[in-house]
Amino acid sequence: MSYGFVPGQRYRMPTHFGPTPGPRQSYGGRVLDYVNTPRQTILSARFEADAGALETLLPPGFSLRRPELTIDFAYMTDIDWLAGRAYNTFGVSIPARFEGQRDVVDGDLLLVLWENLADPILSGREELGFAKLYSELPPPATTADAARCEALWDGFMFAALTLHDLSPDTGDPDGEPETQGLLHYKYVPRTGTPGVADAEYAVLTPLGGSNLRVEEMQTAANATISFQRGTWEQLPTLVHIVDRLADIPIGRCLSARRLRTIGAKDLSDQRALS
């Protein structure tokens, strides 16, 4: 007798072995509250960027709110759903508006999120609609007043962010929220039919509901971002992404900071837009 699917349970391939443990469904039904996990170091910078180049990256239903590019590196440890293990992320986003038949949302569109572990990539792509890919993300090189983050694929460094002249900041790390959250465009291709999707729609990670607390904040006087164009031989599956990012004219740094945080949320509030 074949197996069935239980409503309310989360499944990912292979489904033959039952519901899949992960960040929103722990093994054995253990409840994860994300109050004291994970611990993160986040390095973030926002830059002026060419509006025309950014607009070519917008999916259907999206428009550009401001000609800016945001770079975020995050280094996470003590991750509860991974039994205390760690992984790192590198994301690129732009301020955007989604206008659908029902929803109008101002947010930050996540263009791509690289991670250095397969498990969160699979979970985030299939369940949430995050545009996740794999890369090597070594720990940041830091001094008392500077930090450098790098992203590599098979040893080829394709991106680097450097924060300069860091100093302590005791201000409000969040300020007045100007968006409703993080926007995504979920796309799942239909097997055997190139160019046709099984799923294709906008998704929102809403603000709020998180247990995240900022333990320490530093502000940088300046930051620099560089994307290194590669050949197909150097980046056989990423060259089309990295070269497009490298071609974006980037202007001055608008803001940059380093945060140390604790806590999070499991993103169960993720919702599709229409």
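Note that this is a predicted model, so its numbers are computed, not measured.

*Asks:* In this structure, what is going on with the nonpolar core? I would like to understand it.
*Replies:* Most often, soluble globular proteins have nonpolar side chains that are buried together. Counting residues in each nonpolar core, the largest one holds 49 residues, and the members touching the most others are I71, F90, V92, W114, F158 and L161. For this core, the leading source of residues is strand β9 (residues 156-168), giving 6 residues. For F158, the contacting residues outside a window of four places in its chain are F90, W114, S135, A151, L152, W153, S226, F227, Q228, L235, L238 and V242. Y34, I79, L82 and Y87 belong to the second largest nonpolar core, which has 8 residues in total.

*Asks:* Looking at this structure, I do not really get unusual backbone geometry. What am I missing?
*Replies:* Backbone geometry follows two general trends: most residues other than glycine have a negative phi, and most peptide bonds adopt the trans configuration. In this chain, M13 is followed by P14 through a cis amide linkage whose omega measures 0 degrees. By secondary structure assignment, the location of P14 is in the segment before β1 (39-49). A cis geometry characterises the amide bond from T37 onward to P38, with omega recorded as -5 degrees. The backbone of D78 shows a phi angle near 55 degrees, a positive value even though the residue is not glycine. Relative to the assigned elements, D78 resides in strand β3 (residues 68-79). Its identity as a non-glycine residue notwithstanding, L267 has a phi of 65 degrees, on the positive side. Mapping L267 onto the fold places it in the loop between β13 (250-262) and β14 (271-272).

*Asks:* I'm lost on the side chain of Q40 in this one. Help?
*Replies:* Tracing the sequence through the fold places Q40 in strand β1. Given the relative accessible area of 12%, Q40 is considered buried. If we ignore the near neighbours within four places in the chain, the residues touching Q40 are A74, Y75, M76, L212, L259, R260, T261 and G263.

*Asks:* Help me understand helix α3 (residues 239-246), please; the structure alone is not making it clear to me.
*Replies:* It helps to recall that an α-helix has 3.6 residues per turn; residues three or four apart then point in one direction. Residues V239, I241, V242, D243 and L245 constitute the buried set of α3. Buried residues along α3 sit against β4 (85-99), β5 (104-115), β6 (132-134), β9 and β12 (213-227).

*Asks:* Even after reading the chapter, I still don't get the environment of M217, so can you show me in this structure?
*Replies:* Within the secondary structure layout, M217 lies in strand β12. Not counting residues within four places of it along the chain, the set of residues in contact with M217 comprises S167, P168, D169, G171, D172, P173, R257, R258 and L259.

*Asks:* For this particular structure, what's the right way to read the side chain of D243?
*Replies:* Position of D243 relative to the elements: it lies in helix α3. Note on D243: relative accessible area 12%, which makes it buried. At 3.4 Å, the side chain of D243 forms a polar contact with the side chain of R229. Non-local contacts of D243, meaning those with residues more than four positions away in its chain, are made with R229 and G230.

*Asks:* What am I meant to see in helix α2 (residues 118-128) here?
*Replies:* Every buried residue of α2 is listed here: P120, I121, S123, G124 and L128. At its buried positions, α2 is contacted by β4, β5, β6 and β11 (197-206). G129, located one to two residues past α2, shows a positive phi value of around 90 degrees.

*Asks:* So what exactly am I meant to see when it comes to the pattern of salt bridges here?
*Replies:* Using the criterion set out here, one finds 20 salt bridges in the structure. E127 is paired through a salt bridge with R10; the nearest N and O atoms lie 3.7 Å apart. With a gap of 117 residues between them, E127 in helix α2 and R10 in the segment before β1 connect regions that are remote in the sequence. Look at R10 and you get partly exposed, because its relative accessible area is 28%. In this structure, D269 and K265 form a salt bridge, with 2.7 Å as the shortest nitrogen-oxygen distance.

*Asks:* Please explain the pairing of β3 as it appears in this structure.
*Replies:* Residues in a regular strand project their side chains so that they alternate between the two faces of the sheet. In terms of burial, β3 is a largely internal element, 9 of the 12 residues being buried. By the bridge criterion, 10 bridges tie β1 to β3 in an arrangement that is antiparallel. The residue bridging T41 from the neighbouring strand is Y75, located in β3. The sheet contact formed by β3 and β4 spans 8 bridges and is antiparallel. Across the sheet, the residue bridging to Y75 is N88, located in β4. Between the end of β3 and the start of β4, which pair antiparallel, lie 5 residues, with A83 showing a positive phi angle near 55 degrees.

Criteria and thresholds
Residues numbered from 1 in each chain as written. Predicted model: local features only at pLDDT ≥ 70, side-chain atom pairs only at ≥ 80, totals over all residues. Heavy atoms only, no water. Core = buried A, V, L, I, M, F, W, Y, C linked by side-chain atoms within 4.5 Å. Buried < 20%, exposed > 50% of the residue type's maximum accessible area, 1.4 Å probe, protein only. Helix = DSSP H or I, 4+ residues; strand = E, 2+ residues; numbered from the N terminus. Contact = heavy atoms within 4.5 Å. Polar contact = N/O pair within 3.5 Å; in protein donor to acceptor, adjacent residues only side chain to side chain. Salt bridge = Lys/Arg side-chain N within 4 Å of Asp/Glu carboxyl O. Pairing = 2+ DSSP bridges.

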